[in-house]
Amino acid sequence: ANGTISPGTYSGFKPGSSQTYNIIPNAGYQVADVIVDNVSVGAMTSYTFTDIQANHRITASFAPNP
């Protein structure tokens, strides 16, 4: 809620490929945290998986701007 990750879903990676995801907060919100494979990577607005060899998971949380 309060933002999106783009692309929302993607399949068909070729082994060794890369994919960048953009984390986009809704108006009035900011990125609070990004979780990649169950590990916090901090509040960032993009994340790139490199040398993809297996499935991964990315989620984001958003907080109101101060």
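Starting from 1, residues in each chain are numbered consecutively following that chain's sequence as written. Where local features are concerned, this predicted model is filtered to residues with pLDDT of at least 70; where side-chain atom pairs are given and counted, the filter is 80 or more; whole-chain, interface and lining totals use all residues. Hydrogens are left out, water is left out, and the side-chain values use all remaining heavy atoms of the structure.

1. Observations concerning the overall build of the protein
Okay, so step 1: Here a helix means four or more residues in a row that DSSP labels H or I, a strand means two or more in a row labelled E, and each is numbered from the N terminus. Counting its secondary structure elements, the protein contains zero helices and six strands.
Okay, so step 2: Listing the helices and strands of the protein from first to last along the sequence gives β-β-β-β-β-β.
Okay, so step 3: A principal-axis box enclosing the C-alpha atoms of the protein has dimensions of 40 × 20 × 15 Å.
Okay, so step 4: Taking all contacts inside the protein whose residues are at least 6 apart in sequence as the whole, residues at least 24 apart take part in 56%. By definition, residues are in contact when any of their heavy atoms lie within 4.5 Å.

2. Description of the environment of Ala54
Okay, so step 1: Inspection of the secondary structure assignment puts Ala54 in the loop between strand 5 (46-49) and strand 6 (58-64).
Okay, so step 2: Of the residues examined, Ala54 reaches a relative accessible area of 48% and is grouped as partly exposed. For every residue, the accessible area (1.4 Å probe, protein chains only) is compared with the maximum for its type, and the residue is labelled buried under 20%, exposed over 50%, or partly exposed between those bounds.

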